[in-house]
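Listed here are the chains, written in short residue letters.
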Amino acid sequence: MWDYITDDGDDQDGPGPGGRTRDHQPGDGGEKGYRVAVEVFHQLHCLNLMRQANHKSHYAPLGGDTAAPKHDLHNHIDHCIDALRQFVMCQGDVNVFAFRFPFNDGDPWPDYTTPHVCRNYEGIRQWAVDHGVPQVPGEPDH
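Residues numbered from 1 in each chain as written. Predicted model: local features only at pLDDT ≥ 70, side-chain atom pairs only at ≥ 80, totals over all residues. Heavy atoms only, no water.

The UniProt entry for the protein chain carries the following text under Sequence similarities (unreviewed entry): "Belongs to the ustYa family." The Pathway (unreviewed entry) field of the UniProt record for the protein chain holds the comment "Mycotoxin biosynthesis." (UniProt positions renumbered as here; feature names shortened; annotations may be inferred.)

In structure tokens form, the structure reads like this:
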């Protein structure tokens, strides 16, 4: 699942060729435009990085971000935590959830099964794939 939703195999922020939208490099004959990434893919990349760092002994030998030096990995994770904090605070989900008493002992437990209305993730992903451009030869991964 994580490989599909983040397409993190080439460590780019988004699905499709290089995770970017249309861009123009001098002399490449491509369309002019701005290099951008869709934020949802960066957020998913961050969640995936934190998940992989939690299981570093498994993922580090495979290469990628978790194989980075400890200081670099910690800085990357700190960046991701802050990016996700900003997202959560900006979105401010005001849905409510109930508390239940599943053990009949007077101790309330949260019930997180509240339904949510979601965007069509597959539609967002497909748009990014359809509008992506490949990574320029020699361009570093980041």
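**Remarks on helix 4 (residues 70–91)**
With 22 residues, helix 4 should reach 32 Å at 1.5 Å per residue; the first-to-last C-alpha distance of 31 Å fits that figure. L73, I77, C80, A83 and L84 are the residues of helix 4 that are buried. For helix 4, the angular spread of the buried residues around the axis is 125 degrees, confining them to a single face. Facing away from the buried side of helix 4 by over 90 degrees, the exposed positions are H71, M89 and C90. Buried residues along helix 4 sit in contact with helix 2 (39–54) and helix 3 (56–59). Positive backbone phi, at 45 degrees, marks G92, one or two positions downstream of helix 4. (Helix = DSSP H or I, 4+ residues; strand = E, 2+ residues; numbered from the N terminus. Expected span 1.5 Å × (residues − 1). Buried < 20%, exposed > 50% of the residue type's maximum accessible area, 1.4 Å probe, protein only. Arc of directions from axis to C-beta. Contact = heavy atoms within 4.5 Å.)

**Observations regarding the nonpolar core**
The tendency in soluble globular proteins is for nonpolar side chains to be buried side by side. By size, the foremost hydrophobic cluster in this structure holds 6 residues: C46, L49, L73, I77, C80 and L84. Of all elements in the fold, only helix 2 and helix 4 reach the threshold of two or more residues within this core. Among residues more than four places away in sequence, those in contact with L49 are D65, T66, L73, H76, I77 and C80. (Core = buried A, V, L, I, M, F, W, Y, C linked by side-chain atoms within 4.5 Å.)

**Considerations on helix 2**
Given a rise of 1.5 Å per residue, 16 residues ought to cover 22 Å, and the 23 Å separating the end C-alpha atoms of helix 2 matches this to within 8%. Taken residue by residue, helix 2 has F41, H42, Q43, L44, H45, C46, N48, L49 and Q52 as its buried positions.

**What about the pattern of salt bridges?**
Two side chains carrying opposite charge are able to pair once their charged atoms lie near each other. Per the stated rule, a full pass over the model turns up 2 salt bridges. Linking D82 and R85 is a salt bridge whose minimum nitrogen-to-oxygen distance equals 2.8 Å. Residue D82 and its partner R85 are located together in helix 4, separated by 3 residues, close to a single helical turn. Note on R85: relative accessible area 40%, which makes it partly exposed. Across the salt bridge formed by D111 and R100, the nearest N and O atoms sit 3.1 Å from each other. Highlighted residues: D111 in strand 3 (residues 109–111) and R100 in strand 2 (residues 98–100), separated in sequence by 11 residues. Residue classification places D111 among the buried positions, given a relative accessible area of 17%. (Salt bridge = Lys/Arg side-chain N within 4 Å of Asp/Glu carboxyl O.)

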